[in-house]
Amino acid sequence: MAEGNQPAGRGNSTDSLRRHNLAVVLELVHHAGGISRSQLTRATGLNRSTVAALVGELVERRLVLEVDSDVRAQVGRPSPIVKPGPLAVVIAINPEIDAVTIAVVGLGGEVIKRIRYATDHEPTAREAVNICAAVIDGMRAELEAGHRVVGVGLAVPGLVRSLDGVVRLAPHLGWVDEPVAAMLAAATGYPVVAGNDARLGTLAESTFGAGRDLSDFIYLNGGASGIGGGVIAGGSTLAGAAGYAGEFGHTLVNSAGVVCHCGGVGCLETEVRRAPLLELVGLTDADSDELESALLASSSAVVLTEVHRQLDFLAVALRNAINTLNPQTILLGGFLGSLYAVAPAHLNALVAHQPLRASREGVTIGRAALGANLLMIGAAELAFASVLTDPATF
């Protein structure tokens, strides 16, 4: 990053170094949400005049803005604070079995607007694309007035081929080999990138949430479509050869269990499910926060029995994950976080004894921090990659 660290060899140029340093500065601002110019100087190893020039160019491109720092909190000359600018936005989308959620997300992980379009059945790929196109068309005038759309990020509850955004299998939605990214790009005119919802949730938590200071953690999410997850190992996302890693919902937890929609027997998501929890508290639909409130408010022994039963099977999956991946932390999101909130001591006790002693030492269980915005932020991060990699193209 520093001027003196430019590698020797053909193909290097002042322009390519400038573009690289622009990307470094923008990524630091994006992840921090706000950082002083003096902190940028220390973090990049660049001199102050170079940082000032880079920030100035990013300000001209309206990717960042500078504001005065709080001089009362500092000694000496205050350093301006560099924050993400409002111009660049991404449209984030999450299709589910009961709704399609569309959001506008800015740099810094700021969710500017979110719309949940409820459906009375599992939308087909074409129906989901049509819903998204209609909602985006309704927002287009507002978007074009104050923003520039970088692209669309799509978080899908299923196996998504990272190369082209083809959904190989989204079993709860009934999608098989659907070129959803290409369909959505054709319908909206924006470039579209797609990924597995839980893996994008992992990306969001590692960038902006409870995992931002962790180098090794597992994120597990429970939603209407089942259970998925993601792994951060050594500070990097574990994707797998084709981007399919993280299907914890299909971990075997009960060899005498029922047949899963995937064809296997006794998968985690056949035993740990949102639907019976909703039924027990008298709800037909609810987000994770509403379900958690209802579970915590219930005094029914039946509810607690079901919570303990589901946590028992979740502990089996966590035992396998801890023994295999040796994480620092397990982060639970969606209705899994709600389950944990009802009986944290129950799950903690199981995880404290079931995995191998050496693997379980020091492992903690926590909650995802980004709540209902998690998948929107994760999908947006996927779409922001082009600008973060080369801000000079914006």
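Residues numbered from 1 in each chain as written. Predicted model: local features only at pLDDT ≥ 70, side-chain atom pairs only at ≥ 80, totals over all residues. Heavy atoms only, no water.

Draft legend 1. Inspection of the packing of helix α4 (residues 125–146) against helix α5 (residues 180–188) at higher detail. In the contact formed by α4 and α5, the axes pass within 9 Å of each other and the chain directions differ by 35°. α5 is crossed by α4, and the crossing has right-handed handedness. Of the residues in α5, those touching α4 at A125, R126, V129, C132, A133, I136 and R140 are V180, M183, L184, A187 and T188. Of the residues assigned to the contact of α4 with α5, the class counts are nine nonpolar, one polar and two charged. (Axes fitted to C-alpha atoms, helices over the stretch in contact; angles between N-to-C directions. Helix = DSSP H or I, 4+ residues; strand = E, 2+ residues; numbered from the N terminus. Left-handed = near helix turned anticlockwise from the far one by under 90°. Contact = heavy atoms within 4.5 Å. Nonpolar A, V, L, I, M, F, W, Y, C, P; charged D, E, K, R; others polar.)

Draft legend 2. The pairing of strand β7 (residues 148–156), seen in detail. Of all nine residues making up β7, eight are buried, and the element is well covered by its neighbours. The pairing of strand β4 (residues 88–95) with β7 spans six bridges and is parallel. The partner of I93 across the bridge, within β7, is L154. (Buried < 20%, exposed > 50% of the residue type's maximum accessible area, 1.4 Å probe, protein only. Pairing = 2+ DSSP bridges.)

Draft legend 3. Representation of the state of the cysteines. The full count for this structure, using the stated rule, is zero disulfides. In this model C260 remains outside any disulfide bridge; the closest cysteine sulfur is found in C262, 3.7 Å from its own. C267 forms no disulfide, and the closest cysteine sulfur to it belongs to C262, at a distance of 3.7 Å. Among the residues examined, C267 registers a relative accessible area of 4% and is labelled buried. (Disulfide = S-S within 2.5 Å.)

Draft legend 4. Fine view of the packing of aromatic side chains. This structure, assessed with the given rule, holds zero aromatic pairs. Above the ring of F394, the side-chain terminus of R148 is found at 4.3 Å from the ring centroid. (Phe/Tyr/Trp six-rings, centres within 6.5 Å; stacked < 30°, edge-to-face > 60°. Lys NZ or Arg CZ within 6 Å of the ring centre and 35° of its normal.)

Draft legend 5. Summary view of the sheet that holds strand β16 (residues 364–367). Spatial ordering of the open sheet is given by β14-β13-β12-β15-β16, a layout of five strands whose pairing is mixed. Looking along the sheet, the strands with just one partner apiece sit at the ends: β14 (236–237) and β16. For strand β12 (residues 217–223) and strand β15 (residues 329–334), the ladder comprises six bridges, and the chain directions are parallel. Bridged to I218 within β15 is I330. Strands β12, β13 (226–233), β14 and β15 of the sheet are contacted by helix α6 (residues 197–208), whose axis makes an angle of about 45° with β13.

Draft legend 6. Molecular detail of the nonpolar core. Ranked by size, the top nonpolar core spans 35 residues in total, and within it L220, L314, L332, L336 and L347 carry the most contacts. The set of elements that each furnish at least two residues to this core consists of β12, β13, α8 (274–280), α9 (288–297), α10 (301–325), β15, α11 (335–342) and α12 (344–353). The element that contributes the greatest number of residues to this core is α10, accounting for eleven residues. Filtering out sequence-adjacent residues up to four positions away, L314 remains in contact with L220, L268, V272, L332, L336 and L347. By size, the runner-up hydrophobic cluster in this structure holds 34 residues, among which are L63, V82, V105 and A380. (Core = buried A, V, L, I, M, F, W, Y, C linked by side-chain atoms within 4.5 Å.)

Draft legend 7. Focus on the packing of helix α1 (residues 14–32) against helix α3 (residues 48–60). Running from amino to carboxyl end, α1 crosses α3 at an angle of 75°, the nearest separation of the two axes being 10 Å. Viewed along their axes, α1 and α3 adopt a mutual orientation that is roughly perpendicular. Only L54, V55, E57 and L58 of α3 make contact with α1, whose side of the interface consists of R18, N21, L22, V25 and L26. For the contact of α1 with α3, the per-class residue count stands at six nonpolar, one polar and two charged. (Parallel < 35°, antiparallel > 145°, perpendicular 65-115°, else oblique.)

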